[in-house]
Amino acid sequence: GGEPFSRQNTIAIAQREWRAFGMNVNDDPPDQQVRPRSQRPDHQPGLWQRVGEYWWLGQNAGTKEEDWTSKYNEYGTPYAGEAPAWSAAFISYVMRSAGAAERFAYSPLHADYINGAARGEGVLRTERPDAYAPQPGDLICVGRASSRNIRFEDLPAPSFYGHCDLVTEAAPGQLVVIGGNVDASVTMKHVPTGPTGLLAEPGGRTYDPRYSWFVVLRVQYDGIS
């Protein structure tokens, strides 16, 4: 489109997708967010295809990932095991749809655009969670699985497992964030912050008992938005 890359549009796109998935809110710890496959929102008619659009639009042309959905691989056959995590595809889709163009590292891995931010590439910049208060339109990220102990000081790091959510609201003591492939859905979470809006105390310990947020990705939007 002809509009600048703006916070307003980025947030609105994420909120639209959250509504499409039924406005799921889940503030449980991550180990309690497991559903049987038959009940997964991203396996329901209309929604597994929607995840296919995140892959199709969020990944670069010519990659096998652009033909994935949450049910079928690039050959159109069901995944033998767990489907690939689509949370980075969701963020990539939101950023491309909002107009980030070639200034974002579209990838199936959060690590690629986090590391790009740490190297000063594109529209993202890394900020310490104990020094910068996330603003609506920014991303907050956590390490997961074998990478759950990753720290800000490690960036840029060899490829790692992560997850990022988009901040849609910042209120005193709390962020509202939206992410993909959370509870097999596009899901809203509420994230506690300190009195000045920081995710972590000096030294890096997060105010959130569920997630060790280790980096904020400040998004450099066009102009004032």
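Residues numbered from 1 in each chain as written. Predicted model: local features only at pLDDT ≥ 70, side-chain atom pairs only at ≥ 80, totals over all residues. Heavy atoms only, no water.

## Considering the pairing of strand E5 (residues 174–182)
Of all 9 residues in E5, 7 are buried, a share of seventy percent or more. Bridging between strand E4 (residues 162–171) and E5 involves 5 bridges; their strand directions are antiparallel. Paired with Leu166 across the two strands is Ile178, which belongs to E5. Turn length for the E4-E5 hairpin, with the two strands adjacent in sequence and antiparallel, is 2 residues, and the turn residue Gly173 shows positive phi of about 80°. Examined bridge by bridge, E5 and strand E6 (residues 185–192) share 7 bridges and lie antiparallel to one another. Among the inter-strand pairings, Val182 is bridged to a residue of E6, identified as Ser185. As consecutive antiparallel partners, E5 and E6 are separated by 2 residues, and within that stretch Asp183 has a phi angle of approximately 60°, a positive value. (Buried < 20%, exposed > 50% of the residue type's maximum accessible area, 1.4 Å probe, protein only. Helix = DSSP H or I, 4+ residues; strand = E, 2+ residues; numbered from the N terminus. Pairing = 2+ DSSP bridges.)

## Considerations on the sheet that holds strand E3 (residues 139–143)
Adjacent strands of a sheet pair through backbone hydrogen bonds, lying either parallel or antiparallel. Spatial strand order, E1-E6-E5-E4-E3-E7-E2: 7 strands in an open sheet with mixed pairing. Only two strands of the sheet have a single neighbouring strand rather than two, namely strand E1 (24–25) and strand E2 (124–127). As judged from the 2 bridges shared by E1 and E6, these two strands associate in the parallel manner. Its bridge partner being in E6, Val25 is matched across the sheet by Met188. Sitting on the sheet, helix H3 (residues 87–98) is in contact with E3, E4, E5, E6 and strand E7 (213–219), with an inclination near 115° to E5. (Contact = heavy atoms within 4.5 Å. Axes fitted to C-alpha atoms, helices over the stretch in contact; angles between N-to-C directions.)

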